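Inside the fold
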Amino acid sequence: MQLSAILPLFQQHPQIKALTRLMEDPTHSIFCEGMQASSSPVCIAAAAMQAGQKRVYLVVMNDEEEAGYFYHDLMQMLGEGVVKFYPSSFRRAVKYGQRDAANEILRTEVLSLLSNRNEDAPLFVVTHPAAIAQRIESGESLQSKTIVLSVGEEHDVTELSNRLKELGFKRRDYVYEPGEFAVRGSILDVYSFSSELPFRIDFFGDDVDTLRTFEVETQLSRDRLKEVSIVPDVDAGGSELVAISEFLPKSTLVVSRDFSYVCEAVEKIFKIKQRSDSKSLITLVADLDMVGRYVKEIPEIAIQLVEVNDKPMTIIYPGAMGLAKNVIADDECAICGTINKDYRS
């Protein structure tokens, strides 16, 4: 049986009906307990559908893994159009990790939906502290930098190329990643940060003749479109960086497993991001024995994570000691990157 099949049954439960009534009052903070496994997303989905409100639900889980499971359960019940995942734009460390192109697309898609939201259906945004701690372009700035093209419109290809460069897009021979564009004769290929596939814009003179998506690997055209929106990188670091809360309507309902933990995690990540670049941030160590030389106590969860992970892992440890002053943060934490022995060999 699929999760969506039991949703109507949950909607008839007396406690779900009580939860629905409480959710209609914005002055309440609601605490639910006793939920295990997939019961949390099922109850949230059932109550939201029972209420029938077309509001935004921001679901903030404790980490990316929890958020991924919650997102998967919600999507099975409500569908991809109603449920969106808002990840961090980095693969690993918040400040020094590599940017992840796929994550950037997901982030920009969510922000575009929130900026141009038509309230004909509810919207669930599932995320985690590392994602919401990142500041982004404001809604006004994002809209002013978005290029909208429609079939039949008149645009100068050279001017359009210069505009893309101003927005941070890189000119390439062929387009492979978000933030790239290519010009070949009358064809302009561009990879928007808000689209899973890049766009192919075919001009007849200065008129937009056709709009299509195309596959990156084969470079072959796919679906024909009437209109496209080309959105730049919202995490590039413009002059008007804001929190994601600026994109959320006042009626947004925030759902969290541990709200205090989320607030503390966001604050700690924000402090790390604001730390001076002149300070060394990560101490590389061979194993947990070396970590023990630099911190007062290794948390049990850190031991478990390092033991089960066969790849390098970066962890923030409290109670730093025996390290240079420029390595220790103001809250006396140190960031150690542990490299597994099998990985080194």
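Our subject is the structure listed above.
First, a word on scope: everything that follows refers to the structure included in this document. Please read these numbers as outputs of a predicted model, since none were measured by experiment. (Residues numbered from 1 in each chain as written. Predicted model: local features only at pLDDT ≥ 70, side-chain atom pairs only at ≥ 80, totals over all residues. Heavy atoms only, no water.)

Examining the sheet that holds strand β9 (residues 199-204)
As a reminder, the rule being used: Criterion used throughout: strands pair if DSSP finds at least two bridges between them. For helices the rule is a DSSP run of H or I covering at least 4 residues; for strands it is a run of E covering at least 2, with both sets numbered from the N terminus onward. We call two residues in contact when some of their heavy atoms are within 4.5 Å. The convention used is that axes are lines fitted to C-alpha atoms, helices contributing only their stretch in contact, and that angles between N-to-C directions extend from 0 to 180 degrees.
Strand order in the open sheet made by the six strands is β6-β7-β8-β9-β10-β11, with mixed pairing throughout. For this open sheet the edge positions go to β6 (170-171) and β11 (221-225), each flanked by a neighbour on one side alone. Two strands pair when backbone bridges link them, and strand β10 (residues 207-214) and β11 are joined in this way by three bridges, in the antiparallel orientation. Residue pairing for β11: Arg 212 is matched across the bridge by Arg 224. Together, β7 (180-184), β8 (187-190) and β9 form the strand contacts of helix α8 (residues 157-166), whose direction differs from that of β7 by roughly 160 degrees.

Focus on the packing of aromatic side chains
Geometrically, a pair of aromatic rings is defined through the distance of the ring centres and the angle of the planes. What counts is decided by this rule: Stacked, tilted and edge-to-face are the three classes assigned to paired rings of Phe, Tyr and Trp, where Trp is represented by its six-membered ring and a pair needs centres within 6.5 Å; plane angles under 30 degrees give stacked, over 60 edge-to-face, the rest tilted. Residue exposure (1.4 Å probe, protein chains only): buried if accessible area is under 20% of the type maximum, exposed if over 50%, otherwise partly exposed. Geometrically, a charge over a ring is one whose NZ (Lys) or CZ (Arg) sits within 6 Å of the ring centre while staying within 35 degrees of the ring normal.
Counted according to the given criterion, the structure contains three aromatic pairs. A centroid spacing of 4.6 Å and a plane angle of 10 degrees characterise the contact between Tyr 57 and Phe 124, whose relative ring orientation is stacked. Of this pair, Tyr 57 sits in strand β1 (residues 56-60) while Phe 124 sits in strand β3 (residues 123-127), placing them 67 residues apart in sequence. A relative accessible area of 0% means that Phe 124 is categorised as buried. Ring plane angle 65 degrees and centroid distance 6.2 Å describe the contact between Phe 169 and Phe 193, whose orientation is recorded as edge-to-face. Here Phe 169, found in the loop between α8 and β6, pairs with Phe 193, found in the loop between β8 and β9; they are 24 residues apart in sequence, far enough to count as distant. Summarising the burial analysis for this pair, Phe 169 and Phe 193 share the class buried. Positioned above the aromatic ring of Phe 214, the side-chain terminus of Arg 200 is 4.1 Å from the ring centre.

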